Amino acid sequence: MTHATETDAGEPLVLDETFFEDPDRLYRELRAERPVARAVGPNGLPFWMITRYADARAALNDPRLAKDARRIPELLSRQESGPPARAIAESLVGHMLNADPPDHTRLRRLVGRAFTGRAIARLRPRIEQIAAGLADSMAAAGPEVDLLDEFAYPLPMTVICEILGVPEDRRDEFRGWSNTLLSDAGDDERAAAGTATAAYLAELVADKAAHPADDMLSEIVRAAEDGDSLSPGETTAMAFLLLVAGHETTVNLIGNGVLALLRAPDQLALLRAEPDRVPAAVEELLRYDGPVNLATFRFTTEPVEYSGTTIPADAFVLVSLIGANRDPDRWPAADRLDVGRDPSGHLAFGFGIHHCLGAPLARLEGEIAFRTLLSRFPDLAPAGAPGPHRISTLIHGRTRLPVRLGAPAAAGP
């Protein structure tokens with residue numbers, strides 16, 4: 001199969017393994033020539049893809065592009081091609097990211113009570129402690145390690161599991177389920193991972209209801225406003241969303257960011273010399289090579305037009321976040337990493353009513369991660385080629401990132 005090319009005029013692009021290894025190549029072509037194009041994902045699902053920044057920003061907040069997951073089986077059954085409709089576990093998909101107002105408004109309001117800025121800021125000392133401990137472990141395991149396995153994965157997974165109160169002995173198991181659900185694995189394998197995840201989270205939610213503790217999931221279970229509260233099924237779905245989104249985005253923010261810096265030695269040197277630039281650099285790293293490729297599914301409730309192309313009603317639409325974030329009409333020299341630029345307005349966390357609720361947490365974890373790595377491993381360098389990209393329309397990240405640590409600096413007090 002060729003690199004995401006059309007076989008005939010009007011035929012959809014095929015997003016194959018070659019595309020995932022270098023999506024920017026296709027996005028550059030599409031932004032210039034066909035900013036709204038038909039495509040087929042690895043699972044055979046046809047959809048429309050939006051790649052320009054202005055279109056992407058508008059589409060992410062367009063009420064004509066709905067997200068109600070309950071309609072997906074019906075829409076799949078209408079497709080002339082692509083995968084057949086299959087049952088979707090409501091206990092995993094019935095969360096706010098797959099809902100439209102007023103359901104979305106209600107769910108986000110209830111869960112947002114546990115995600116206030118003050119609550120996130122209080123996590124800084126604990127996240128710094130976790131990052132320092134992981135750096136100690138890396139130094140002991142060196143001189144060469146897989147940065148994803150040793151640091152980028154365990155940092156956000158430990159944080160989100162502690163926040164939600166997930167026992168330590170189940171975390172690696174959940175990582176396997178998450179990787180399967182977000183991959184191009186077959187239906188049977190994904191169904192098994194979904195069933196196991198749903199069963200475990202339902203059990204965890206029931207335990208928090210019966211034995212509330214000082215954690216965010218217990219707070220979400222207790223959350224109520226004007227007599228309203230989340231049902232057990234809604235709470236299970238929300239726990240799934242928070243666990244997956246709470247670690248997958250940050251894993252790949254760290255992994256993609258470290259790789260980008262290693263490939264831009266001048267930018268890495270600048271951050272080493274001026275570590276106070278790190279918070280702003282996190283924003284540029286999110287813009288330059290963010291953790292989400294194509295935003296989660298939307299579907300048209302009526303014909304919509306972007307850049308002169310009309311998308312029909314009842315069609316799936318995916319917005320390319322990394323494509324939009326490299327749009328030269330929005331940022332000059334957009335394909336160049338520049339930690340000194342103003343990347344405000346990037347779409348790495350989406351836009352509009354579905355803007356990522358956990359963005360402040362991801363930003364805080366990213367800042368602490370890069371500060372820790374820069375200070376503890378001033379000679380950090382590549383140790384061979386990175387692993388291939390994950391085959392996922394959603395997650396943009398590598399499977400491995402081998403690095404050489406060099407001579408670690410002394411740990412802080």
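What you see is a predicted model; the values in this text were computed from it and never measured.

1. Describing the overall build of the protein chain
Then, in step 1: Within the protein chain one finds 18 helices and 13 strands.
Then, in step 2: For the protein chain, the proportion of its 413 residues judged to be buried stands at 53%.
Then, in step 3: Here the protein chain displays about 17400 Å² of accessible surface, and carbon together with sulfur accounts for 52% of that area.

2. Overview of the sheet that holds strand 4 (residues 65-66)
Then, in step 1: The strand order across the open sheet built from 6 strands is 1-2-3-11-8-4, with neighbouring strands paired in mixed fashion. On the outer flanks of this sheet lie strand 1 (13-14) and strand 4, each paired with one strand and no other.
Then, in step 2: Pairing geometry for strand 1 and strand 2 (residues 36-40), over 2 bridges, is parallel. Counted as the bridge partner of V14 is V40 from strand 2.
Then, in step 3: Of the strands in this sheet, strand 1, strand 2 and strand 3 (46-50) touch helix 2 (residues 23-33), which is tilted by about 75° from strand 3.

3. Details of the packing of aromatic side chains
Then, in step 1: Summed over the entire model, instances satisfying the criterion amount to 5 aromatic pairs.
Then, in step 2: Residues F19 and F20 carry aromatic rings whose centres are separated by 4.9 Å and whose planes lie at 70° to one another, so their mutual orientation is edge-to-face.
Then, in step 3: Using a relative accessible area of 0% as the deciding quantity, one classes F19 as buried.
Then, in step 4: Centroid distance F297 to F316: 5.4 Å. Interplanar angle 70°. Geometry classified as edge-to-face. Pair noted here: F297 is in the loop between helix 16 (278-289) and strand 8 (298-300) and F316 is in strand 11 (residues 316-319), with a separation of 19 residues, a long-range link.
Then, in step 5: Taking relative accessible area as the criterion, F316 reaches 2% and is therefore assigned buried.

4. A closer look at the confidence of the model for the protein chain
Then, in step 1: Residues with a pLDDT of 70 or more make up 86% of the protein chain, whose mean pLDDT is 85.
Then, in step 2: Contacts for the low-pLDDT stretch residues 1-9, under 50 throughout, to residues beyond four places or in other chains number 22 contacts.
Then, in step 3: Of the regions scoring below 50 in pLDDT, residues 82-88 engages in 17 contacts with residues more than four places distant in sequence or in other chains.

5. Section: the pairing of strand 11
Then, in step 1: Side chains F316 and L318 project from strand 11 onto one buried face, and the interleaved V317 and V319 project onto a second face that is buried too.
Then, in step 2: The pairing of strand 3 with strand 11 spans 3 bridges and is parallel. The residue of strand 11 that forms the bridge with M49 is L318.

6. Concerning the environment of V258
Then, in step 1: Among the secondary structure elements, V258 is positioned in helix 14 (residues 232-262).
Then, in step 2: In this structure, the C-alpha to C-alpha distance between V258 and L147, residues 111 residues apart in sequence, is 8.9 Å.
Then, in step 3: The contacts of V258, once residues within four sequence positions are left out, are L147, F370, L373, L380 and L401.

7. A closer look at the sheet that holds strand 13 (residues 402-404)
Then, in step 1: Pairing is antiparallel in the open sheet, where 3 strands are placed in the order 5-13-12. Each having just a single partner strand, strand 5 (144-146) and strand 12 (381-382) make up the two edges of the open sheet.
Then, in step 2: Looking at chain direction, strand 12 and strand 13 are connected through 2 bridges and run antiparallel. If you follow P382 over to strand 13, its bridge partner there is V403.

Criteria and cut-off values
Residues numbered from 1 in each chain as written. Predicted model: local features only at pLDDT ≥ 70, side-chain atom pairs only at ≥ 80, totals over all residues. Heavy atoms only, no water. Helix = DSSP H or I, 4+ residues; strand = E, 2+ residues; numbered from the N terminus. Buried < 20%, exposed > 50% of the residue type's maximum accessible area, 1.4 Å probe, protein only. Areas by Shrake-Rupley, 256 points an atom, 1.4 Å probe, with all protein chains shown as cover. Pairing = 2+ DSSP bridges. Contact = heavy atoms within 4.5 Å. Axes fitted to C-alpha atoms, helices over the stretch in contact; angles between N-to-C directions. Phe/Tyr/Trp six-rings, centres within 6.5 Å; stacked < 30°, edge-to-face > 60°. pLDDT = per-residue confidence, 0-100.

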